[in-house]
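Each chain, written out:
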Amino acid sequence: MPELPEVEVTRRSFADRIAGARILGVSLGKPLRWPLGIEPASLVGQGVLGVRRRGKYLLLELDCGLLLIHLGMSGSLLFAPVLPPRGTHDHFELVTTQGVLRLHDPRRFGAVVHASGLDDPVAAKLLGKLGVEPLEAGFDPTAFHRALRQRRAPIKQVLLAGDIVVGVGNIYASEALFLAGIRPTTRADRIGLPRATRLHAAIVDVLGRAVALGGSTLRDFSSAQGQQGYFQMEAMVYGREGQPCRLCGGAVKAIRQGQRSTFFCPHCQRP
């Protein structure tokens, strides 16, 4: 599943190139997770003002309203001056004066939804409960610790929930917890300020490095320019069950938490 780094990498790979474009046409394929919510023809003629990101959503800002784009579990965007004819898994296409933006999503858990603005009930429902952005100044270690003190669930599940800090998905939660030396099963409310501060710094470090490396390409992720990510090649624990820890040499262990695989080093990460 594309996580925050992959979505940010996608945004950066086409935001400058589509800004200022005017929409010439909109094509829909098979239904996605949620309906577009507006007649496609009504988007024709509108200008694209820019592309922002909120959590794992891309916000395509238009003259009138915005399009919220979610990549789901297997989605990816491609933006180019000209693209070949749409295939079976190409379910949304925006033709503009500066190129074609296409959503490819084999599993169709992604979505493109129109909203009149951020105060639109549609946008509020999707974005309203998201936590702070981890790569922005509002992500404060003391406030992060206070929020953790209110949760009794395992810390990895708290990170994945996204209502304290947004976008720390499965890969990067495992990696940040390893860097902070915290066992993924540790209850969030039992993490003191020093360890919460280390985890805060680890989240920022891991996500920042992942964006710089183009995200993680485990299966089919690529940026809007078709480029793969390389963070997975630097992973300390994720996907390395049974392999030696890069720090202590002990075996990396894998467990299941909330139907997701969690990877950690029993020696380096303490409860």
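See the structure above.
Description of the structure in this document. Since the model is a prediction, treat every value here as computed from it, not as a measurement.

1. Details of the side chain of E6
Within the secondary structure layout, E6 lies in helix α1 (residues 4-18). Buried within the structure, E6 lacks any salt-bridge partner; its nearest side chain of opposite charge belongs to K56, at an N-O separation of 7.5 Å. A distance of 2.5 Å separates a polar atom in the side chain of E6 from a polar atom in the side chain of Y172.

2. Some details on helix α5 (residues 170-180)
With 10 of 11 residues buried, α5 lies mostly within the body of the structure. Turning to α5, the residues buried within the fold contact α1, α4 (155-161), α6 (193-212) and β10 (260-264). Of the residues one or two after α5, G181 is the one with positive phi, at around 75 degrees.

3. Section: the side chain of T186
Tracing the backbone through its elements, the reader meets T186 in the loop between α5 and α6. Among the polar contacts listed, one links the side chain of T186 to the backbone oxygen of R183, at a separation of 3.0 Å. Ignoring any residue separated from it by four or fewer positions in sequence, one finds T186 in contact with A153, P154, I155, I191, R195, R270 and P271.

4. Focus: the sheet that holds strand β3 (residues 57-62)
Taken in spatial order, the four strands make up an open sheet running β2-β3-β4-β8, and their pairing is antiparallel. In this open sheet, the two strands that pair with only one neighbour each are β2 (48-54) and β8 (111-115). Averaged over all neighbouring strand pairs, the angle between strand axes comes to 20 degrees, with direction disregarded. As judged from the five bridges shared by strand β4 (residues 66-70) and β8, these two strands associate in the antiparallel manner. The partner of L66 across the bridge, within β8, is A115.

5. Some remarks on the sheet that holds strand β1 (residues 23-28)
Taken together, the four strands give an open sheet; going across it, the order is β1-β6-β7-β5, and neighbouring strands pair in antiparallel fashion. A single partner strand is all that each edge strand has here, and the edge strands are β1 and β5 (76-80). Going from strand to strand, the sheet's axes swing by 10 degrees on average, the running direction of each strand aside. Sheet topology places β1 next to strand β6 (residues 90-96); five bridges connect them, and they run antiparallel. Note on β6: the bridge partner recorded for G25 is V95.

Conventions we followed
Residues numbered from 1 in each chain as written. Predicted model: local features only at pLDDT ≥ 70, side-chain atom pairs only at ≥ 80, totals over all residues. Heavy atoms only, no water. Helix = DSSP H or I, 4+ residues; strand = E, 2+ residues; numbered from the N terminus. Buried < 20%, exposed > 50% of the residue type's maximum accessible area, 1.4 Å probe, protein only. Lys, Arg positive; Asp, Glu negative; His and termini not counted. Salt bridge = Lys/Arg side-chain N within 4 Å of Asp/Glu carboxyl O. Polar contact = N/O pair within 3.5 Å; in protein donor to acceptor, adjacent residues only side chain to side chain. Contact = heavy atoms within 4.5 Å. Pairing = 2+ DSSP bridges. Axes fitted to C-alpha atoms, helices over the stretch in contact; angles between N-to-C directions.

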